[in-house]
Amino acid sequence: MKNMLWYMGFLSVLSLLYFSNGSIGFFGFLGFLPYFATYNVSDERLEKNLGKATRTAFAYTILFGVTTIVYISITDKIEYFAPAFILLFGGSLIVCLLSLLYYDRKEDGV
């Protein structure tokens, strides 16, 4: 089985939205280009740690998603939905990366 991180490289295609919108913020998606280099990488430790990290990110997504949906429905402030979605997506990436670093250091004994 090929490394699943390779698919994250396709997020770099979103940087092409710069040419239609003119917003330089879309160049941030070019940071996903190095993930294409992980296509033939086969590392059991990385796969195990990535599995743990994605479970942590999934738990964050479920807890934060439910909390924000309940909050938005209780307060009837639909304008909070867009920032909440940004925090949900960005936060799950950050939680996944931080927990991947944590599990990698924990396994190394640092």
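Before reading further, recall that the structure is shown in the block above.
Residues numbered from 1 in each chain as written. Predicted model: local features only at pLDDT ≥ 70, side-chain atom pairs only at ≥ 80, totals over all residues. Heavy atoms only, no water.

What should I look at first to understand the overall build of the protein in this one?
Along its length, the protein carries three helices and zero strands. Listed by position from the N terminus, the elements making up the protein come as α-α-α. Split into buried and exposed, the 110 residues of the protein put 20% on the buried side. Considering only contacts within the protein whose residues lie at least 6 apart along the sequence, 67% involve residues at least 24 apart. (Helix = DSSP H or I, 4+ residues; strand = E, 2+ residues; numbered from the N terminus. Buried < 20%, exposed > 50% of the residue type's maximum accessible area, 1.4 Å probe, protein only. Contact = heavy atoms within 4.5 Å.)

Would you mind showing me how to read a nonpolar patch on the surface here?
A surface patch of nonpolar side chains, about 1100 Å² in accessible area, is lined by Met4, Tyr7, Phe10, Val13, Leu16, Phe19, Ile24, Phe27, Leu30, Leu33 and Phe36. The topology assignment puts Leu16 in the segment before α1 (18-21). (Patch = residues over 30% accessible without salt bridge, like charges linked within 9 Å, V, L, I, M, F, W, Y side chains within 5 Å. Areas by Shrake-Rupley, 256 points an atom, 1.4 Å probe, with all protein chains shown as cover. Salt bridge = Lys/Arg side-chain N within 4 Å of Asp/Glu carboxyl O.)

Teacher, can you tell me more about the nonpolar core here?
Side chains that are nonpolar tend, in soluble globular proteins, to be buried together. One finds Leu5, Leu50, Ala53, Ala57, Cys96 and Leu100 forming the largest nonpolar core, which totals six residues. Broken down by secondary-structure element, the contributors of at least two residues to this core are α2 (44-75) and α3 (81-108). Residue contributions to this core peak at three residues, all from α2. In contact with Cys96, other than residues within four places in its own chain, are Ala53, Thr54 and Ala57. (Core = buried A, V, L, I, M, F, W, Y, C linked by side-chain atoms within 4.5 Å.)

Quick question: what am I supposed to make of the pattern of salt bridges here?
When charged atoms on two side chains of opposite charge get close, those side chains can pair. Tallying each qualifying case throughout the model produces one salt bridge. A salt bridge links Arg45 to Asp104; its shortest N-O distance comes to 3.1 Å. Of the two residues, Arg45 is situated in helix α2 and Asp104 in helix α3; the sequence distance between them amounts to 59 residues. Arg45 sits in the partly exposed class, given a relative accessible area of 33%.

What is shown is where atoms sit, not what they do.
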